[in-house]
Amino acid sequence: LSILFQELLLNAVKYSSFVNSENRFINLVITDEKNRINIKIENSFRPNLKSKTSGLGQTVINNFAKMLESQAMTIKNDEKNVYSVEFSSPNFWKSK
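This is a predicted model, so every value here is computed, not measured.

The rules behind the values
- Sequence positions are assigned chain by chain, starting from 1 and proceeding in written order.
- For a predicted model such as this one, the threshold for reporting local features is a pLDDT of at least 70, and the threshold for listing and counting side-chain atom pairs is 80 or more; totals across whole chains, interfaces and linings nevertheless cover every residue.
- Note: side-chain values were computed over all heavy atoms of the structure, leaving out hydrogens and water.
- A run of DSSP states H or I qualifies as a helix once it reaches four residues; a run of E qualifies as a strand once it reaches two. Both are numbered from the N-terminal end.
- Put simply, a nonpolar core is a bunch of buried Ala, Val, Leu, Ile, Met, Phe, Trp, Tyr and Cys residues held in one set by side-chain atoms that sit within 4.5 Å of each other.
- The rule is simple: take the accessible area with a 1.4 Å probe, protein chains only, and divide by the maximum for that residue type; under 20% is buried, over 50% is exposed, in between is partly exposed.
- Every residue pair with non-hydrogen atoms within 4.5 Å of one another is taken to be in contact.
- Between any two strands, at least two bridges found by DSSP are needed for them to pair.
- Helix axes are fitted to C-alpha atoms over the stretch in contact, other axes to C-alpha atoms as well, and angles between N-to-C directions run from 0 to 180 degrees.
- A helix's residues, less one, multiplied by 1.5 Å, set its expected span.
- As used here, the arc is the angular range of directions from the helix axis to the C-beta atoms.

S.K.: Any details on unusual backbone geometry? Residues and values, ideally.
M.R.: Backbone geometry at Lys 34 places phi at a positive 50 degrees, although glycine is not the residue there. With respect to the helices and strands, the residue Lys 34 is situated in the loop between strand S1 (26–33) and strand S2 (36–44). Within the chain, Asn 35 stands out as a residue other than glycine whose phi angle is a positive 60 degrees. Within the secondary structure layout, Asn 35 lies in the loop between S1 and S2.

S.K.: Help me get a handle on the nonpolar core, residues and values and all.
M.R.: Ranked by size, the top nonpolar core spans 15 residues in total, and within it Leu 4, Leu 8, Ile 39, Ile 61, Val 85 and Phe 87 carry the most contacts. Elements with a minimum of two residues in this core: helix H1 (2–16), S2, helix H2 (56–67) and strand S4 (82–90). Those residues within four positions of Leu 4 in sequence are excluded, and the remaining contacts are Ile 61, Phe 64, Leu 68 and Phe 87.

S.K.: Could you give me a rundown of the sheet that holds strand S3 (residues 73–77), with the residues and numbers involved?
M.R.: Strands sit in the order S1-S2-S4-S3 across an open sheet of four strands; the sheet is antiparallel. Each end of this open sheet is capped by a strand with a single partner; those strands are S1 and S3. Across the sheet, the mean angle separating the axes of adjacent strands is 10 degrees when strand polarity is ignored. For S1 and S2, the ladder comprises eight bridges, and the chain directions are antiparallel. For Ile 30, the partnering residue across the bridge sits in S2 and is Ile 39. Contacts from H1 reach S1, S2 and S4, with the element oriented near 20 degrees to S2.

S.K.: Describe the side chain of Asn 91, with residues and values.
M.R.: Along the polypeptide, Asn 91 turns up in the segment after S4. You can call Asn 91 buried: its relative accessible area is 14%. Once you skip the residues sitting within four places of it in the chain, Asn 91 turns out to touch Asp 32, Asn 35, Arg 36 and Ile 37.

S.K.: How would you explain H2 if you had to name every residue and give the values?
M.R.: Between its first and last C-alpha, H2 extends 17 Å over twelve residues, near the 16 Å set by a 1.5 Å rise per residue. Buried within H2 are the following residues: Gly 57, Val 60, Ile 61, Phe 64 and Ala 65. Down the axis of H2, the smallest arc covering the buried residues is 130 degrees, so these residues share one side. Exposed and oriented more than 90 degrees from the buried face of H2 are Leu 56 and Lys 66. Looking at the buried positions of H2, the neighbouring elements they touch are H1 and S4. Of the residues one or two after H2, Glu 69 is the one with positive phi, at around 55 degrees.

Dropping the structure here:
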């Protein structure tokens, strides 16, 4: 789970760092609802930026989401310059 958070935060920091400091942000929200853990991270980004990437971070995120019986949903909003990743997984740690 720590590797998943590392990748989510690393990608958010990486892409928001190209945005002017007054418009830069990262939001991380974790909630526990109905025996599920919901994770959402959103960050600012520069839509016209061409950056060199291996795509490995997205692969790591998708693979960990599958391990957590979930699927990562990514939303890229070019109008608002906001990129988000969210997923919901069963709360394996909650006793029944």
